[in-house]
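Notes for the structure review
If you want the building blocks of each chain, they are given just below.
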Protein chains: 2
Amino acid sequence: MFYYQLIMRKCAFYGNCKICCCEKTPSLFSKLTVSEFEELHSERKEVVFKAGEVIFKQGTTLTHLACFRSGMAKVYYERPEGSNILINLIVPGNLTGNMGLYTDNVHHQTIQALTDVEICLISIKDIEGLLGRSEEMAVELIKLKNENIIVLTNKLASLTYKSMSGRVADVLLYLQKDIYQSDTFTLSLSRQDLADLGAMTKESFIRTLKEFKDAGIIKIKANLVEIINLKALVKISNN
Amino acid sequence: MFYYQLIMRKCAFYGNCKICCCEKTPSLFSKLTVSEFEELHSERKEVVFKAGEVIFKQGTTLTHLACFRSGMAKVYYERPEGSNILINLIVPGNLTGNMGLYTDNVHHQTIQALTDVEICLISIKDIEGLLGRSEEMAVELIKLKNENIIVLTNKLASLTYKSMSGRVADVLLYLQKDIYQSDTFTLSLSRQDLADLGAMTKESFIRTLKEFKDAGIIKIKANLVEIINLKALVKISNN
DNA sequence: CCTTCTTATTGATATATATCAATAGTGCTG
DNA sequence: CAGCACTATTGATATATATCAATAAGAAGG
């Protein structure tokens, strides 16, 4: 019996592990048998990080992989020259920190909590051990990687070929669709973080936001954002 | 016995298959047994494309994966609005066209020959069949994917945070290090292609190239490029 | 070898975006 | 609740880069 079948029937069986296993597709763990899952589950470490704390630091050894159970974090790439580029946000159900797997065993990004965060840490050794036996899990990981690459390619296209307003629209659409899954949301990010997501200065981001506000496309009051005209936003995104 | 051990001893055994199997690390095929390799090898299709021909078209069904044996191709992402973003170049030993694997089975990029090109086409069915049995190959693919992601992240950082001269320097360093592996090379790419690699207009690229030429960092005459001062180029790349 | 077409180069100008600076708001701490 | 520090906002200006236009240089074809 597969773990996901078990958990579908007895949802509370593994507490909120179902967030990491069943609520996102593809999930690294959905195809594991109960005993395979138990291997990982029994060895996991539940950890709580406070807002602002660094979960993984770029350049340090990759020993664990994080499964997000609650809260929000930002993933950024620290450039040698000092500036940071914000790659994406992490929300419950996401898996992160495995870019160095099978390559140099080093973290290639820094992950920092934006709110208080609950995660499970799973040892890379356990993951590698299981990957060496479970083709199912390896295939799921390949699937995840391919999705990562597709998302990154889209981001590359957005950031390099769109004008500022298109990029701001993309940031708002990303928050609405992938992060908060609602037209109304309270930001856990600073204006600087938002600007970093869109690869521009915070002044430019704020100005563009104001244009959208003046045009009646969004409402924004401090950190409370409401998207009024989604279609207009999509249109701006598409130039 | 692994295939790569066999081929190390009898290099001509499989013709120039060693380009795809042994000369790049990681290689998807290096950990296969002889019989596993034979499965793929016997079913492969050797194809020649002429310069300018499209090998894979973005949006079409993913049926085969291409192993490059000779020549050069460009990989670009076609944006809905019409403009193209040049992601990277493909040279012998590279594997390409598997971003849609296990996801939507669609090509997410267009691959076009820049010179005459010899490739082997391997059916996705064969790859998937073997991936379902060989954890070794799955691990190699994960490794490849992770390297792809690391490279893409660097590219994202380069293209979004560097000024024009830094990006032109990056393009030249990419050609020198990853593509031609020489300080002197004859370009198979147009100025427009080079500009696309650096995410700028061809006029801007040409102007920056002229600056480098005037500063004695490179020599350039039509398509013949010589890098005179590599250190200066690296310094410009690092801002 | 001349004509035609494409690609490359150079120059002048426009424009988007960053930078710098000043002000306003927000939240924390004694 | 006053004062300080940090973040957000707005405005003025500078600058990098794109755009447009004109010319030059190659490449292809009769």
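Throughout, a residue's number is its position along its own chain's written sequence, starting from 1. Key to labels: chains lettered from A, ligands numbered from 1, both in the order written. Totals for whole chains, interfaces and linings use all residues, but because this is a predicted model, local features are given only for residues with pLDDT of at least 70 and pairs of side-chain atoms are given and counted only at 80 or more. As a convention, hydrogens and water are excluded, and side-chain values are obtained from all of the structure's heavy atoms.

Now for the domain arrangement of chain A. Interfaces are often described in size by the accessible area the parts lose on coming together. All names here are of chain A. The domain limits used here are those given by an automatic or database domain assignment. Split into domains, chain A comes out as domain 1 (44–157) and domain 2 (162–237). Here the C-alpha centre of domain 2 lies 25 Å away from the C-alpha centre of domain 1. Opposite the 12 residues of domain 1 that make contact, domain 2 presents 11 residues. In this description, buried area is defined as the sum, over both parts, of the accessible area (probe of 1.4 Å) that is lost when the two are combined. Carbon and sulfur atoms make up 63% of the surface buried where domain 1 meets domain 2, a total of about 890 Å² over both sides. When checking whether two residues touch, look at their non-hydrogen atoms; a contact exists if any pair is within 4.5 Å.

Partly exposed residues are those whose accessible area sits between 20% and 50% of the maximum for their type, while under 20% is buried and over 50% is exposed, using a 1.4 Å probe and protein chains only. The secondary structure listing takes helices from DSSP runs of H or I that are at least 4 residues long and strands from runs of E that are at least 2 residues long, numbered from the N terminus. Within helix α4 (residues 124–131) of chain A, burial applies to A:Ile124, A:Ile127, A:Leu130 and A:Leu131. End-on, the buried residues of α4(A) take up no more than an arc of 130 degrees, which puts them together on one face. Looking at the buried side of α4(A), the elements it contacts are α3 (34–43), β3 (64–70), β8 (117–123) and α5 (135–161) of chain A together with α5 (135–161) of chain B. Among the residues of α4(A), the N-terminal cap falls to A:Ser123, whose side-chain oxygen and the backbone nitrogen of A:Lys125 are separated by 3.1 Å. Note: the arc covers the axis-to-C-beta directions of the helix. Any pair of N or O atoms that falls within 3.5 Å is considered a polar contact. Within protein, one atom must be able to donate a hydrogen and the other to accept it, and sequence-neighbouring residues count only if both atoms are side-chain atoms.

Glancing now at the protein's contact with DNA strand C. In the region of DNA strand C, 14 residues are neighbours, and A:Met164, A:Ser204, B:Arg191, B:Arg207 and B:Lys210 sit closest. Between DNA strand C and A:Thr201, the relevant distance is 3.4 Å, taken from a phosphate oxygen to a side-chain nitrogen or oxygen of the residue. In this structure, B:Arg191 approaches DNA strand C through a side-chain N or O atom, which is 2.6 Å from a phosphate oxygen. Taken together, the elements giving at least two residues each to the surface near DNA strand C come down to α6 (164–179) and α8 (202–214) of chain A together with α8 (202–214) of chain B. With 4 residues, the single largest contributor to the surface near DNA strand C is α8(B). The class makeup of the residues in the surface near DNA strand C is 3 nonpolar, 4 polar and 7 charged. In this text, near means that some heavy atom of the residue lies within 4 Å of the molecule or strand in question. Polar here means any residue other than Ala, Val, Leu, Ile, Met, Phe, Trp, Tyr, Cys and Pro, which are nonpolar, and Asp, Glu, Lys and Arg, which are charged; Gly is therefore polar.

In this section: the relation of the copies chain A and chain B. In superposing the copies, a least-squares fit is computed on C-alpha atoms, taking residues whose pLDDT is at least 70 in both. Under the fitted operation, chain A is carried onto chain B by 0.0 Å of movement along the axis and a turn of 180 degrees, and the coordinates agree to an RMSD of 0.0 Å. Such values leave the two copies arranged in the relation of a two-fold axis. Comparing interface residues between copies, 100% of those in chain A also sit at the interface in chain B, which points to an isologous, same-surface contact.

Another aspect to go through is the interface of chain A and chain B. Every contact between the two is made by 41 residues of chain A and, on the other side, 41 residues of chain B. Of the roughly 4000 Å² buried between chain A and chain B, counting both surfaces, carbon and sulfur atoms make up 72%. Counting the surface chain A buries against chain B, the share from its top three residues, A:Ile142, A:Leu156 and A:Tyr161, is 17%. Think of a salt bridge as a Lys or Arg side-chain nitrogen and an Asp or Glu carboxyl oxygen that are within 4 Å of each other. Counting every contact that joins chain A to chain B gives 0 salt bridges. Applying the counting rule to chain A against chain B returns 8 residue pairs in polar contact (both at pLDDT 80 or more). Of all the secondary-structure elements, those providing two or more residues to the side of chain A that touches chain B are β5 (84–90) and α5 of chain A. If you tally residues by element for the side of chain A that touches chain B, the top one is α5(A), at 21 residues. The residue inventory of the side of chain A that touches chain B, partitioned by class, reads 19 nonpolar, 12 polar and 10 charged.

Attention shifts here to the packing of α4(A) against α5(A). All names here are of chain A. Axis angles are defined between N-to-C directions and span 0 to 180 degrees, where every axis is a line fitted to C-alpha atoms and, for a helix, only to the segment in contact. Running from amino to carboxyl end, α4 crosses α5 at an angle of 115 degrees, the nearest separation of the two axes being 7 Å. In terms of orientation, α4 and α5 fall into the roughly perpendicular class. Where α4 abuts α5, its residues Ile127, Leu130 and Leu131 lie against Met137, Ala138 and Leu141. Residue classes in the contact of α4 with α5 are distributed as 6 nonpolar, no polar and no charged. Orientation labels follow simple angle bins: below 35 degrees gives roughly parallel, above 145 gives roughly antiparallel, 65 to 115 gives roughly perpendicular, and whatever is left gives oblique.

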